[in-house]
Amino acid sequence: MNGTSWADQWDNSGGSARGGQVGSGAVVRSSGSGATSNTAKYKEKMGQGLDKTKAVASSGFKKLKTGSAIGFRWVKDKYHKTTHK
């Protein structure tokens, strides 16, 4: 073994056994106003996508809620019929 624990290998606090952050390979580029317009376009598209996702999730949850309510009611009715004969 090389003397480092598993936790030390994946620690991003800066005081790791190797003497720096492990796995911080992020590249930051600042290209002026071009980056801002690209970021704005990206945020707009993400916002539209999240709105669609929210709508789909909401309708799916409503279907799940009504379906489970119907299912529980069916089970309750079947149990009621078998116990009160």
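Just so it is clear, the structure is predicted and the values come from calculations on it, not from any experiment.

**Looking at the overall build of the protein**
Step number 1: Along its length, the protein carries two helices and zero strands.
Step number 2: Of the accessible surface of the protein, which amounts to about 7900 Å², a share of 60% is contributed by carbon and sulfur atoms.

**Points about a nonpolar patch on the surface**
Step number 1: Where nonpolar side chains cluster on the molecular surface, the patch consists of Tyr42, Met46 and Leu50 and spans about 330 Å² of accessible area.
Step number 2: Along the polypeptide, Met46 turns up in helix α2 (residues 33-83).

**Some details on the confidence of the model for the protein**
Caution is warranted with low-pLDDT regions, since their predicted coordinates should not be read in detail.
Step number 1: Considering every residue of the protein, the mean pLDDT works out to 76; 67% of them sit at 70 or more.
Step number 2: Low confidence marks residues 16-22, where pLDDT is under 50. Its contacts with residues over four positions away, or in another chain, come to twelve contacts.

What counts, and where the lines are drawn
- Residues numbered from 1 in each chain as written.
- Predicted model: local features only at pLDDT ≥ 70, side-chain atom pairs only at ≥ 80, totals over all residues.
- Heavy atoms only, no water.
- Helix = DSSP H or I, 4+ residues; strand = E, 2+ residues; numbered from the N terminus.
- Areas by Shrake-Rupley, 256 points an atom, 1.4 Å probe, with all protein chains shown as cover.
- Patch = residues over 30% accessible without salt bridge, like charges linked within 9 Å, V, L, I, M, F, W, Y side chains within 5 Å.
- Salt bridge = Lys/Arg side-chain N within 4 Å of Asp/Glu carboxyl O.
- pLDDT = per-residue confidence, 0-100.
- Contact = heavy atoms within 4.5 Å.

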